[in-house]
Amino acid sequence: MHQDIDKILFSQEEIEAKTAELAVQLKTEYADKKPILLGLLKGSMMFMAELMKKLDIDLQVDFLDVSSYEGTVSTGDVRIVKDLGMSVRDRHVLIAEDIVDTGRTLEKVIELLRNRGAKTVEMVTLLDKPETRKAPIAAKYVGFMIPKLFVVGYGLDYNEKYRNLPYIGILKVSVYT
Ligand code: IMP
């Protein structure tokens, strides 16, 4: 285990098993919809890669990079860093997220996709922190619910570190105080 990690919350095996469960649900829903699987960079990349491998249906993949975070507290300020490369008009869009915290990022992204004419917009997230929600956002497909903790690994960072950890862990408080 990395020296800055207090505790492992979910191992790679647990994450992969949960992702497989989510893929089963998504396959039923999206088999005939040719969805756009939209990963929000950079946090969703590991989850997205794992999900794609298990989601053996006709789909397209794109990425959107929006930014709202500095450190461990949401600023509520969301800006587009990298836009999609394809049109979402009349398409079923499935947003893949690493974690839903305040929900502000997703709120803005959903608004953007609807304004651009997406037929449906749903969300699949590996982690959900419902206690810290500020915007009325509910992901339809959720891997794990977690309490109000700051977690890193499996794509999630703290100041751009720890994204490459193959598990999700709780960062030692001493690292960010
Ligand atoms: P929201 O807009 O507050 O829901 O924030 C969503 C984004 O904040 C996620 O995609 C993450 O990049 C980041 N985030 C929220 N909570 C955590 C955490 O516990 N660890 C690392 N990043 C987080």
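Residues numbered from 1 in each chain as written. Predicted model: local features only at pLDDT ≥ 70, side-chain atom pairs only at ≥ 80, totals over all residues. Heavy atoms only, no water.

### What to know about the site of the ligand
Reasoning step 1: Neighbouring the ligand are 16 residues; Asp98, Thr102, Gly103, Thr105 and Val151 lie closest to it.
Reasoning step 2: In this structure, glycine 103 approaches the ligand through a main-chain N or O atom, which is 2.7 Å from an oxygen atom.
Reasoning step 3: The fraction of the free accessible surface of the ligand (490 Å²) that becomes covered by protein chains is 92%.
Reasoning step 4: Sorting the residues of the shell around the ligand by element identifies strand E5 (92–100) and helix H3 (104–115) as the ones contributing at least two each.
Reasoning step 5: Counting residues per element, the shell around the ligand draws most heavily on E5, at four residues.
Reasoning step 6: Broken down by class, the residue content of the shell around the ligand amounts to seven nonpolar, three polar and six charged. (Near = heavy atom within 4 Å. Polar contact = N/O pair within 3.5 Å; in protein donor to acceptor, adjacent residues only side chain to side chain. Areas by Shrake-Rupley, 256 points an atom, 1.4 Å probe, with all protein chains shown as cover. Helix = DSSP H or I, 4+ residues; strand = E, 2+ residues; numbered from the N terminus. Nonpolar A, V, L, I, M, F, W, Y, C, P; charged D, E, K, R; others polar.)

### Some points on the nonpolar core
Reasoning step 1: If you look at the biggest cluster of nonpolar residues, it comprises 26 residues, and the most contacted ones within it are Leu26, Leu51, Val124, Leu126, Leu127, Val151 and Ile168.
Reasoning step 2: Mapped onto this core, the elements with two or more residues apiece are helix H1 (12–30), helix H2 (45–54), E5, strand E6 (120–128), strand E7 (141–145) and strand E9 (168–171).
Reasoning step 3: Of the residues forming this core, the biggest block, five residues, is contributed by H1.
Reasoning step 4: Leave out the neighbours within four places in its chain, and leucine 127 touches Phe10, Asp98, Ile99, Val100, Phe144, Ile146, Val151, Leu156 and Ile168. (Core = buried A, V, L, I, M, F, W, Y, C linked by side-chain atoms within 4.5 Å. Buried < 20%, exposed > 50% of the residue type's maximum accessible area, 1.4 Å probe, protein only. Contact = heavy atoms within 4.5 Å.)

### Observations regarding the sheet that holds E9
Reasoning step 1: Strand order in this open sheet of three strands is E1-E9-E8, and the pairing throughout is antiparallel. Among the strands making up the open sheet, the edge pair consists of strand E1 (5–10) and strand E8 (151–152).
Reasoning step 2: Taken together, the four bridges between E1 and E9 define a ladder with antiparallel strand orientation. The partner of phenylalanine 10 across the bridge, within E9, is isoleucine 168. (Pairing = 2+ DSSP bridges.)

### Examining the packing of aromatic side chains
Reasoning step 1: Here the structure, examined in full by the defined rule, presents four aromatic pairs.
Reasoning step 2: Ring centres 3.8 Å apart and planes at 15° place the aromatic pair phenylalanine 10 and phenylalanine 144 in the stacked group. Highlighted residues: phenylalanine 10 in strand E1 and phenylalanine 144 in strand E7, separated in sequence by 134 residues. In terms of burial, phenylalanine 10 and phenylalanine 144 fall into one category: buried.
Reasoning step 3: The interplanar angle of 55° and the centroid separation of 5.9 Å between the aromatic rings of tyrosine 158 and tyrosine 176 together place this pair among those described as tilted. Within this pair, whereas tyrosine 158 is found in the loop between E8 and E9, its partner tyrosine 176 is found in helix H4 (residues 173–176), the two being separated by 18 residues in sequence.
Reasoning step 4: Owing to a relative accessible area of 28%, tyrosine 176 belongs among the partly exposed residues under this scheme.
Reasoning step 5: By the ring-pair criterion, three or more aromatic residues cluster together here, those being Phe150, Tyr158 and Tyr176.
Reasoning step 6: Here the guanidinium or amino end of lysine 33 rests over the ring plane of tyrosine 30, the centre of that ring lying 5.6 Å away. (Phe/Tyr/Trp six-rings, centres within 6.5 Å; stacked < 30°, edge-to-face > 60°. Lys NZ or Arg CZ within 6 Å of the ring centre and 35° of its normal.)

Nothing here speaks to function; it is geometry throughout.
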